[in-house]
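Geometric and topological summary
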Amino acid sequence: MKIAELRLATIAAALVGSRSALSAGEKNLLRSATPPDENVISDYRTRIAKGEDVLGAEYCNIRSPEKRRETGSTYTPPAIVEAMISWAAGIDHSPERVVDPGIGSGRFMSAAADRFQSAKLVGIDIDPLALLMARANASVRGYAHRLQLELGDYRAVVLPSCEGRTLYIGNPPYVRHHDISERWKTWFAATAGRFGFRASKLAGLHIHFFLRTREIARDGDYGAFITAAEWLDVNYGSTLRSMLADGLGGSAIHVIDSKAQPFVDAFTTSAVTCFHVGHRPSHFHVRTVDRLEDLAPLDQGRAIDWEAMAKAKRWSIFTREHKETPAGFIELGEIFRAHRGQVTGANEVWIAGDEAKDIPNRFKRSTVTKGRELLSVRTELVTTLGLKKVVDLPVSLDVLDPDERKAVGKFLVWAKLLGAKDSYVARHRRAWWAIELRPAAPVLVTYMARQAPAFVLNTARARHLNIAHGLYPRSPLSEKTLTAILVWLRQHIDTSGGRVYAGGLVKFEPKELERLPIPALEDIHAANSAHEMDHAAARGRRCDGHLDIPN
């Protein structure tokens, strides 16, 4: 443990008072601890009593966002906590029990303790330091006698039965599927199957927490979780969408626009999901807010019939104004297939460096590996000079001659040492060493940036990794037509068709690109000409009366 973390643990323990109240895991943190100065403890106690989460704030400063991301530890701003607790109190002002499945320093629990003064409180976390902070906050604020803390994984912790109503509330950890063990992916699939839900092993940990809640909650229980909003659209999110429609009892989603930056250290759009277990309302309420100050109360939103919700493959269409395809237009997907670039699973290995110098050149392909390589050229990639090469070995190495096989073998030994064989992606390839880059796409498109996508003509025939999408014509296009399509896209496509993440990042998935409207091919040249005429007229109006005429 870092010195700063040890200091934080000793302060928290001192705020608790008696070490006999600590769990074995919490005591283990303090084996080499030196008691802090009493004046320091007094200052912390005063600030906590006033409602500050000074321990949680310090924890976030000590552990970097990158480190906390490993366990999905993202601490929730007070405005969101208050809005969610107020909503819960409006549903039932006296639940028998409150459960926070990822308690952290106890921000939700402190608010719940104030609002529900007779409720049993249960907090769960895998981090003993988090539990120690939560216990310290409870001790200072006077609800420690009602608080039960469990060190462990929410999916495995067994909670005692509860006769009354339980409120499930909190911020489930966001951990991507790559970092979830096969054991828990199997649990997820099996548990979802028991309820009749299709499950993808690509689901993130926050979806697991929803499923665990569905597994242990009783009819009449209710809750609200704040998570990343991507599950509204992605394929693995269909499990949660099905749960909300059947059994979990979804009642509302409140999407917090990225401009509000709800989590300063996490680039994600957030959504508060409210549910009533076993009692799905007739309509689902959907709302988007631009500021955290506008989040409360959580009883607002546009009512959507559940039949429409169940049919929709993407739920974000309900969170923003729907734009009909203009008359005479078609979707880009009628002309192109959009494919995301290949994932290597270990860029430090497969993007060729010194270790790959002896790999035959025919297996090292010039590749766009960074979005800025497209943003910098803007319209056309005419050369592969300056691009890195990616090692793209065949599935069968029998095509190599003996000398090539020896060089490749040496490279693969090095790749194994770096763990390239054991990555999630490598374990799901036909051969762990075979990336199988897609053929060069005629058009490359950036898919995540703080601006509209860049549509780049790929004259250089470069390959691309998953930092870009490739557009592949469904049928042959003339150079003139292809150019006209790209000109129109650059002039008209903005960020509104993508998903906006915190910090202004806009992401376009392949299907979202394919849904972009463009004029029918027989009209696109005329559309571009009209656009140029409009711009020329506008330039003329701006210049009129403002010309510098020499004497």
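This text goes with the structure placed above it.
Overview of the structure. (Residues numbered from 1 in each chain as written. Predicted model: local features only at pLDDT ≥ 70, side-chain atom pairs only at ≥ 80, totals over all residues. Heavy atoms only, no water.)

Attention now goes to the sheet that holds strand β12 (residues 364–368). Strand-to-strand pairing in sheets goes through backbone hydrogen bonds, with the strands running parallel or antiparallel. With mixed pairing, the 3 strands of this open sheet are ordered in space as β13-β12-β17. Strands at the two margins of the open sheet, each flanked by one partner only, are β13 (388–391) and β17 (463–464). Judged from the 2 bridges that link them, β12 and β17 form a sheet pairing that is parallel. By the bridge assignment, V368 is partnered in β17 with H464. (Pairing = 2+ DSSP bridges. Helix = DSSP H or I, 4+ residues; strand = E, 2+ residues; numbered from the N terminus.)

The subject of this paragraph is the sheet that holds strand β11 (residues 336–340). Taken together, 4 strands build an open sheet; the order of strands is β11-β18-β14-β16 and the sheet is antiparallel. Two strands close off the open sheet at either side, each with one partner strand: β11 and β16 (455–457). Strand after strand, the sheet turns through a mean of 30 degrees between neighbouring axes, direction not considered. The pairing of β11 with strand β18 (residues 468–473) spans 5 bridges and is antiparallel. Bridge pairing links R340 to H469 in β18. Against the sheet, helix α17 (residues 479–492) contacts β11, β14 (443–446) and β16, and its axis sits at roughly 155 degrees relative to β16. (Axes fitted to C-alpha atoms, helices over the stretch in contact; angles between N-to-C directions. Contact = heavy atoms within 4.5 Å.)

So, about the packing of helix α4 (residues 54–62) against helix α8 (residues 128–141). For the pair α4 and α8, interaxial distance at closest approach is 9 Å and the crossing angle is 155 degrees. One element, α4, and the other, α8, form an angle in the roughly antiparallel class. Viewed along their axes, α4 and α8 form a crossing whose handedness is right-handed. Packed against α4, whose contacting residues are L55, G56 and Y59, the element α8 presents L129, M133, A136 and N137 at the interface. Partitioned by chemical class, the residues of the contact of α4 with α8 number 5 nonpolar, 2 polar and no charged. (Parallel < 35°, antiparallel > 145°, perpendicular 65-115°, else oblique. Left-handed = near helix turned anticlockwise from the far one by under 90°. Nonpolar A, V, L, I, M, F, W, Y, C, P; charged D, E, K, R; others polar.)

With that out of the way, let us pick up the packing of aromatic side chains. Considering all chains together, one arrives at 17 aromatic pairs under this definition. With a centroid separation of 5.1 Å and 75 degrees between ring planes, the pair formed by F210 and F225 is classed as edge-to-face. Remark: F225 occurs in strand β5 (residues 222–228) and F210 occurs in helix α10 (residues 205–216); sequence separation between them is 15 residues. Among the residues examined, F225 registers a relative accessible area of 0% and is labelled buried. (Phe/Tyr/Trp six-rings, centres within 6.5 Å; stacked < 30°, edge-to-face > 60°. Buried < 20%, exposed > 50% of the residue type's maximum accessible area, 1.4 Å probe, protein only.)

On to the pairing of β18, then. Looking along a regular strand, one sees the side chains alternate between the two faces of the sheet. Most of β18 sits inside the fold, with 5 of its 6 residues counted as buried. When β14 meets β18, the two strands line up antiparallel, connected through 4 bridges. When the bridges of β18 are listed, L444 appears paired with G470.

One can describe the packing of helix α3 (residues 38–49) onto α8 by two numbers: an axis separation of 9 Å at closest approach and a directional angle of 75 degrees. Taken as axis vectors, α3 and α8 run roughly perpendicular relative to one another. Residues R45, I48 and A49 of α3 form the contact with α8, whose participating residues are N137, V140 and R141. Partitioning the contact of α3 with α8 into residue classes produces 3 nonpolar, 1 polar and 2 charged.

Turning our attention to the pattern of salt bridges. Under the definition given, this model contains 24 salt bridges. Between E215 and R194 there is a salt bridge whose closest N-O contact spans 2.8 Å. Residue E215 is found in helix α10, and its partner R194 is found in helix α9 (residues 182–194); the two are separated by 21 residues along the sequence. A relative accessible area of 23% means that E215 is categorised as partly exposed. The class of R194 is exposed, set by a relative accessible area of 57%. Between D398 and R405 there is a salt bridge; the shortest N-O distance is 3.7 Å. Assessed through its relative accessible area of 40%, R405 is described here as partly exposed. Ionic contacts of the salt-bridge type, sharing partners, join the residues E5, R63 and D127 into one network. (Salt bridge = Lys/Arg side-chain N within 4 Å of Asp/Glu carboxyl O.)

It is worth spelling out the environment of L15 at this point. Positionally, L15 belongs in helix α1 (residues 3–16). Residue classification places L15 among the buried positions, given a relative accessible area of 5%. Along the backbone, L15 and A136 are 121 residues apart, and their C-alpha atoms lie at a distance of 5.3 Å.

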